[in-house]
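Architecture and fold: a report
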Amino acid sequence: FYDFQPIFVVGGGTAGCVLARKLSDSGEHSVLVLEAGILPDPGLDVPALASSFLSNSNYTRTYYSVPQQNADLENGGITTYRVGRTLGGSSQETLMNTILLKYFRRTETYNGVFPATDQHGYDGPINVSLPKYVPLLNEWLSAGQFLVTPFLIQMVLNKLVSFCPSEYSKRRGRRVSSYAGYLKPVLGQRKNLKVILKAEARRIIFNGNQAIGVQFRSTTDGFPTDNARNEIIVSAGAVETPALLMKSGIGPKQVLNAARHLKFLAYNFLIRPVKCHPVGQNLQKSAAFIEERDLNLQTFRYLNEVGDGKNFMQYLFSYLLTRKEFKKYIYSSNSFQGPYAAYSGFGGQAFISTTAQGNQTKVRDIQLFHFVAPCVPLVYPNRPNIQTAPWEVATSAFVLVANPLSRGNLTLNLIDVNSSPVIDFQYLTHPTDMKIMLDGNLLLFTTRNLNLYC
């Protein structure tokens, strides 16, 4: 294996799987992937079940921010940030929806509802399509046609408002993560590609300013060090990548100076400054507001008219009698397009330009997501913070600041450098972001049809 001078890929997540596949395609390079997690659970292939793994520490790592001044105030400002801890990373657990341009087009085989254009790719390893089971999608799209204020009418005319379905990366009802699309088809088939699981990178080893190896912790190999004869690519995510660089001596001057006498107790080495760079700065993450409602018996009466509610009740009783019939409904046997093939009820979305910056930049700075799961309460349980009767299900609309100007940062925990880094997202600290969020919520509450279906 090492005769080919391996390229090290630290992190087998969304980007790492792509890099490992592409770099090993030619056969000219040998690639070694170090992944802290394990192989994905088969349940992650089922779109509707993926979110249930977000609280499973075997497949997800949860980080907590420092208190935020404008977000999660009900939790003391402390926000959570979850990432996938398995091959494929967060692409195993996230919404699976895609907004594709430039290099992303290369990943895609598009089979969605939109006409063929150069905005999509058609020969990539990631299949993208619209689920067949999307409750109230037509109603969501119709709501977008009833934006009635003069300002919004003008935005529609200027094409600064668009309502559309949410399309997902799936094939025959199953999720297509970066692992499934890129790495899995060739794993074990190539002599020049190797993956080590449960391998937590602890530092990059330098000889002067040159990176020469990676020290990592492995449950099977202890604390080995692998020397690199070629390149080292760090693709460990937005949190672990800067944290690893700072632990290796690459980071802001003030952080390296403060950490230079700190020791990794378990690994018996000091942090030696190598290069000063603003690592950990310019952290960008979108903030979202969630408006939640109940779908009740009146909603089911409406659904009966269009068929969904009737079919749900029919197969619910079938489930009580025989799980085989319920399974047929869920998977729609011959087409794999039942409720389990749709990710957690996210069916519609919208992109809207607000007065905050959209009129000047022509940027659609608000993204709306519509969540509704009225027909599968056995899959989507009631929300703990909403009081619902047994026949009611919560539905939500998410208002997302699509292009935030607020910037956060992360740094090493100088009290315990072995622990998670200190993360400050600085949500909504830029006044324009706050204005955009307020505009989005005003739109949601004052537009009659959006208010009705959200």
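Given the structure is predicted, the values throughout are model-derived calculations rather than measurements. In every chain, residue numbers begin from 1 and rise along the written sequence. Per-residue local features are limited, in this predicted model, to residues with pLDDT of at least 70; the limit for side-chain atom pairs, both in listing and counting, is 80 or more; totals at the level of whole chains, interfaces and linings are taken over all residues. The side-chain quantities take in all heavy atoms of the structure and omit both hydrogens and water.

Numbering of helices and strands starts at the N terminus; helices are DSSP runs of H or I of at least 4 residues and strands are runs of E of at least 2. A count of helices and strands for the chain gives twelve helices and 24 strands. Whether a residue is buried, partly exposed or exposed follows from its accessible area with a 1.4 Å probe, protein chains only, as a fraction of its type maximum: under 20%, in between, or over 50%, in that order. Counting every position in the chain, which comprises 454 residues, the buried fraction comes to 48%. Whether two residues are in contact is decided by their heavy atoms, any of which lying within 4.5 Å being enough. Within the chain, contacts between residues separated by at least 24 positions form 67% of all contacts whose residues are at least 6 apart in sequence. When the accessible surface of the chain is split by element, carbon and sulfur atoms take 53% of a total near 22500 Å². Reported accessibility uses the Shrake-Rupley method at a 1.4 Å probe radius. Residues are deemed covered only where the shown protein chains occlude them.

For the rest of this paragraph, the subject is the UniProt feature "domain: Glucose-methanol-choline oxidoreductase N-terminal" (unreviewed entry) in the chain. Annotation from UniProt places "domain: Glucose-methanol-choline oxidoreductase N-terminal" (unreviewed entry) at residues 237-251. In this annotation, residues 237-251 is assigned 73% helix and 13% strand; the end-to-end C-alpha distance for the span is 16 Å. UniProt positions are given in the numbering used here, feature names are shortened, and annotations may be inferred rather than shown by experiment.

The next point concerns the sheet that holds strand β6 (residues 126-129). What makes two strands pair is DSSP finding at least two bridges between them. Ordered by their spatial adjacency, four strands build an open sheet running β5-β6-β8-β9, and the pairing between neighbours is mixed. Lying at the two open borders of the sheet, with one neighbouring strand each, are β5 (108-110) and β9 (174-175). In this structure, β5 lies alongside β6, joined through three bridges in parallel fashion. For T109, the partnering residue across the bridge sits in β6 and is N127.

The subject of this paragraph is the pairing of strand β11 (residues 199-207). The pairing of β11 with strand β12 (residues 210-218) spans eight bridges and is antiparallel. Directly across from N207, in β12, lies its bridge partner Q210. What sits between the antiparallel neighbours β11 and β12 is a turn of two residues, in which G208 has the positive phi angle 70 degrees.

Across the eleven residues that make up helix α5 (residues 237-247), a large majority, eight, are buried. Taken residue by residue, α5 has V239, T241, P242, A243, L244, L245, M246 and K247 as its buried positions. Downstream of α5 by a residue or two, G249 has a phi angle that is positive, lying close to 100 degrees.

A separate point is the pattern of salt bridges. As a working rule, side chains carrying opposite charge can pair if their charged atoms are close by. By definition here, a salt bridge exists when the distance from a side-chain nitrogen of Lys or Arg to a carboxyl oxygen of Asp or Glu is within 4 Å. On inspection of all chains with the given rule, the structure shows six salt bridges. Close ionic contact of R61 with E240 constitutes a salt bridge, the shortest N to O distance being 3.3 Å. Residue R61 is found in strand β3 (residues 60-64), and its partner E240 is found in helix α5; the two are separated by 179 residues along the sequence. For R61, a relative accessible area of 27% translates into the label partly exposed. A salt bridge links R85 to E200; the nearest nitrogen and oxygen atoms lie 2.6 Å apart.

Here the expected span of a helix is defined as 1.5 Å times the quantity of residues minus one. With twelve residues, helix α1 (residues 14-25) ought to run about 16 Å at 1.5 Å a step, and its terminal C-alpha atoms sit 17 Å apart, in line with that. Listed as buried for α1 are G16, C17, A20 and S24. Along the axis of α1, the buried positions cluster into a sector of 100 degrees, meaning they face one direction only. Contacts from the buried residues of α1 go to β1 (7-10), β2 (31-34), α4 (178-183) and β10 (193-196). Phi turns positive one or two residues past the end of α1, at G27, with a value near 85 degrees. Relevant arc is that of directions from the helix axis to the C-beta atoms, nothing else.

The next thing to look at is the environment of R203. The topology assignment puts R203 in strand β11. Taking relative accessible area as the criterion, R203 reaches 23% and is therefore assigned partly exposed. Measuring from C-alpha to C-alpha, the distance between R203 and L245 comes to 7.4 Å, with 42 residues separating the pair along the chain.

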